[in-house]
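Below are the chains, spelled out letter by letter.
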Number of protein chains: 2
Amino acid sequence: MTDTGGTDAAGDLSADLLLRPGKVVNAFEETVQRLLQTIRLGLIGPGGRLPAERELASMLSVSRDTLRDAIGALADAGYVVSRRGRYGGTFVVDELPTGTPVMRAGSAGGSAVLVERPAVTPAEIEDTLVLRSILEVGAARQAATGELSGIERERLWQALEDCSAGSAEDYRRLDSRLHLLIAELVGSPSLVPLIADVRMRTNELLDRIPLIAANIVHSNEQHEDIVKAILRGHPDAAAQAMEEHIAGSEALLRGFLG
Amino acid sequence: MTDTGGTDAAGDLSADLLLRPGKVVNAFEETVQRLLQTIRLGLIGPGGRLPAERELASMLSVSRDTLRDAIGALADAGYVVSRRGRYGGTFVVDELPTGTPVMRAGSAGGSAVLVERPAVTPAEIEDTLVLRSILEVGAARQAATGELSGIERERLWQALEDCSAGSAEDYRRLDSRLHLLIAELVGSPSLVPLIADVRMRTNELLDRIPLIAANIVHSNEQHEDIVKAILRGHPDAAAQAMEEHIAGSEALLRGFLG
DNA sequence: AACGAATGGTGCGCTTTCCGACCATTACAT
DNA sequence: ATGTAATGGTCGGAAAGCGCACCATTCGTT
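Per an unreviewed UniProt entry, chain A carries the name FadR family transcriptional regulator and comes from Orlajensenia leifsoniae.

Structure, rendered in structure tokens:
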């Protein structure tokens with residue numbers, strides 16, 4: 001076992017918790033997950049167009065080949081379609097496939113396909129929910145702390161209205177969009193990917209339980225409380241509203257999956 | 001520019017904020033940073049021994065070659081020494097080198113060395129401080145929420161005492177250790193690397209400003225408040241104590257670097 | 001109808017990383 | 001002394017990823 005040395009008396013600590021893989025696996029799967037995030041979290045909606053391959057590869061710091069492999073996997077899974085020629089590009093399909101996709105090595109040719117995710121442990125559920133609470137509540141509080149420009153206030157209100165007006169099938173995506181916008185308004189670029197990631201994990205859990213119409217109505221009311229608190233600049237109120245909002249789906253998830 | 005599609009009216013959103021490189025650079029530099037974290041954050045103290053190369057490579061999900069390159073770079077920089085033979089291994093040196101190390105391509109042979117970090121932008125400072133506030137305050141609150149075992153309470157108290165008793169030169173490391181232990185006590189494995197990372201970033205900033213003895217005394221008093229609040233199970237008190245603690249170094253950093 | 005620009009599609013060589021096997025060294029056990 | 005187990009050190013082939021150049025297709029413009 002790891003020995004933390006003798007200079008200080010403190011016993012062996014959490015060294016193992018830091019010595020873990022950084023990147024999930026390889027550049028290819030990493031890229032697939034990234035693109036899946038932008039699609040499933042609604043940052044690029046149905047019918048929307050992805051940046052050109054060369055530009056996108058540059059954004060993600062991967063080679064164009066790797067990016068094309070990832071796009072190919074997403075195309076096979078039915079998430080995107082590519083058209084070439086001028087004003088062509090890669091587009092998100094109108095109706096997204098259902099189910100929770102994850103990667104598996106392809107059976108032939110060296111490419112890969114998307115398959116169902118196997119299972120989820122109670123520990124992973126708890127991990128996700130706790131982390132989500134910390135990040136989202138903290139983001140709401142910080143968003144209400146800083147000054148917001150007129151444009152930002154407008155965008156926030158617009159996202160709230162979209163979320164209320166959207167149909168049930170669009171709800172998950174529009175909801176993610178609103179939460180992600182709040183994270184963006186905090187003004188800490190590092191925060192956005194973290195919340196995006198934890199929301200992806202949360203959505204995977206939510207996909208396993210039924211969607212109840214009454215919950216949507218309730219969520220929309222809470223969204224309004226959150227947005228109002230942020231716009232008024234009340235950090236504690238925003239944090240509390242977000243906490244209650246989070247607690248709702250936490251109870252749901254613990255009830256169905258715990 | 002990215003078009004988010006026409007199905008919903010919401011304008012183009014933060015797509016760019018998600019489409020960014022995942023891993024910092026390559027496996028080698030990633031590994032160096034990881035090892036540097038465990039050393040500089042005090043998870044493995046001076047004189048401490050790293051896990052065997054084969055095991056460590058497995059932990060970090062990199063090949064043994066890459067790991068050895070990273071260890072070699074750290075050895076060149078004076079952080080570790082390797083001894084071979086039975087009961088040998090790679091050990092952290094007794095006196096850590098000073099300065100803020102970062103990677104640069106080696107001049108010969110394909111290896112690399114550690115050099116000084118160039119600069120830091122105000123935006124990056126703000127990003128780090130905001131993220132730190134969210135994570136550390138949230139962690140303190142959550143740590144005070146859950147039940148703690150006797151062993152955990154003991155470790156927490158021990159870390160607090162170590163921190164108070166440590167000399168000025170050890171303070172940064174022992175301080176990080178205490179904060180990281182709090183994160184560990186939350187029980188959300190995903191949280192620990194996040195706090196470790198934001199602490200590394202914070203420490204890099206703190207290394208640029210003078211260390212004042214009075215601040216250490218003050219910090220230790222605040223540490224005691226935080227730990228007591230956690231042990232007593234008062235989430236709001238723990239959060240507030242942590243917030244005040246954070247605010248201290250925030251003011252310091254903004255004053256010197258802002 | 002012809003041209004040009006933007007885009008996806010394809011092929012090739014180079015570097016990095018990975019994987020497995022084997023060698024060299026050391027300290028403890030016998 | 002001898003043996004053995006655990007460790008760092010070294011080598012060679014395989015795979016993944018990268019960077020670049022070039023091809024093929026489709027649109028708008030002229």
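Next comes the rest of the account.
Draft legend 1. Region of the structure containing the domain arrangement of chain A. By the assigned domains, chain A splits into domain 1 (27-116) and domain 2 (122-257). Between domain 1 of chain A and domain 2 of chain A, the C-alpha centre-to-centre distance is 26 Å.

Draft legend 2. Focus on the nonpolar core. In terms of nonpolar packing, the biggest core is built from 120 residues, with Ala140 of chain A together with Ala140 of chain B touching the most fellow members. Not counting residues up to four positions away in its chain, the partners in contact with Ala140 of chain A are Ile182, Ile226, Ile230, Ala238, Ala239 and Met242 of chain A.

Draft legend 3. Expanded view of the protein's contact with DNA strand C. Taken together, the neighbourhood of DNA strand C is formed by 23 residues, with Arg84 of chain A together with Asn26, Thr66, Gly85 and Arg86 of chain B sitting nearest. At the level of secondary structure, the elements contributing two or more residues to the surface near DNA strand C comprise α4 (64-76) and β2 (89-92) of chain A together with α2 (27-40) and α4 (64-76) of chain B. Here the residues of the surface near DNA strand C are counted per class, giving five nonpolar, 10 polar and eight charged.

Draft legend 4. Focus on the protein's contact with DNA strand D. Neighbouring DNA strand D are 24 residues; Asn26, Ser63, Gly85 and Arg86 of chain A together with Arg84 of chain B lie closest to it. Ranked by the residues each element gives to the surface near DNA strand D, the list is headed by α4 of chain A, at three residues.

Draft legend 5. Region of the structure containing the confidence of the model for chain A. Residue and element names in this part refer to chain A. Predicted confidence across chain A gives a mean pLDDT of 85, with 84% of residues reaching 70 or more. Predicted confidence in chain A is weakest over strand β3 (residues 101-105), with a mean pLDDT of 44, and strongest over helix α5 (residues 122-145), with 97. With pLDDT under 50 throughout, residues 1-11 is counted as low confidence; its partners more than four residues away or in other chains account for 30 contacts. Overall, residues 100-112 carries pLDDT values under 50, and its contacts beyond four positions in sequence, including any with other chains, amount to 25 contacts.

Draft legend 6. Up close: the pairing of strand β2 (residues 89-92) of chain B. Residues and elements named next belong to chain B. Of the two faces of β2, only the one carrying Thr90 and Val92 is buried; Gly89 and Phe91 on the other face are not. Taken together, the four bridges between strand β1 (residues 80-83) and β2 define a ladder with antiparallel strand orientation. Following the sheet pairing, Arg83 is matched in β2 by Gly89. Counted between consecutive antiparallel strands, the loop separating β1 from β2 contains five residues, among which Gly85 sits at a positive phi close to 95°.

Draft legend 7. Representation of the UniProt feature "domain: HTH gntR-type" (unreviewed entry) in chain A in the model. When the UniProt feature table is mapped onto this chain, "domain: HTH gntR-type" (unreviewed entry) is found at residues 25-95 of chain A. Taken end to end, residues 25-95 of chain A has its terminal C-alpha atoms 29 Å apart, with 49% of it in helix and 11% in strand.

Draft legend 8. Just helix α3 (residues 53-60) of chain A, in detail. Residues and elements named next belong to chain A. Three or more residues of α3 are buried, namely Leu56, Ala57 and Leu60. Taken end-on, α3 shows its buried residues confined to a sector of 100°, consistent with a single buried face. Structural note: α3 exposes Arg54 and Glu55 on the side pointing more than 90 degrees away from its buried face. The inward-facing, buried residues of α3 abut α2 (27-40) and α4. Remark: Ser61 follows α3 within two positions and exhibits a positive phi of approximately 60°.

Draft legend 9. Structural context of the environment of Thr202 of chain B. Residue and element names in this part refer to chain B. With respect to the helices and strands, the residue Thr202 is situated in helix α8 (residues 191-206). The exposure class of Thr202 is buried, given the 23 C-beta atoms found within 10 Å. Setting aside its immediate chain neighbours within four residues, Thr202 contacts Thr128 and Arg132.

Rules and cut-offs
Residues numbered from 1 in each chain as written. Chains lettered and ligands numbered in written order. Predicted model: local features only at pLDDT ≥ 70, side-chain atom pairs only at ≥ 80, totals over all residues. Domains from an automatic or database assignment. Core = buried A, V, L, I, M, F, W, Y, C linked by C-beta atoms within 7 Å. Buried ≥ 20, exposed ≤ 12 C-beta atoms within 10 Å, placed from the backbone. Contact = placed C-beta atoms within 7 Å. Near = placed C-beta within 6 Å. Helix = DSSP H or I, 4+ residues; strand = E, 2+ residues; numbered from the N terminus. Nonpolar A, V, L, I, M, F, W, Y, C, P; charged D, E, K, R; others polar. pLDDT = per-residue confidence, 0-100. Pairing = 2+ DSSP bridges. UniProt positions renumbered as here; feature names shortened; annotations may be inferred. Arc of directions from axis to C-beta.

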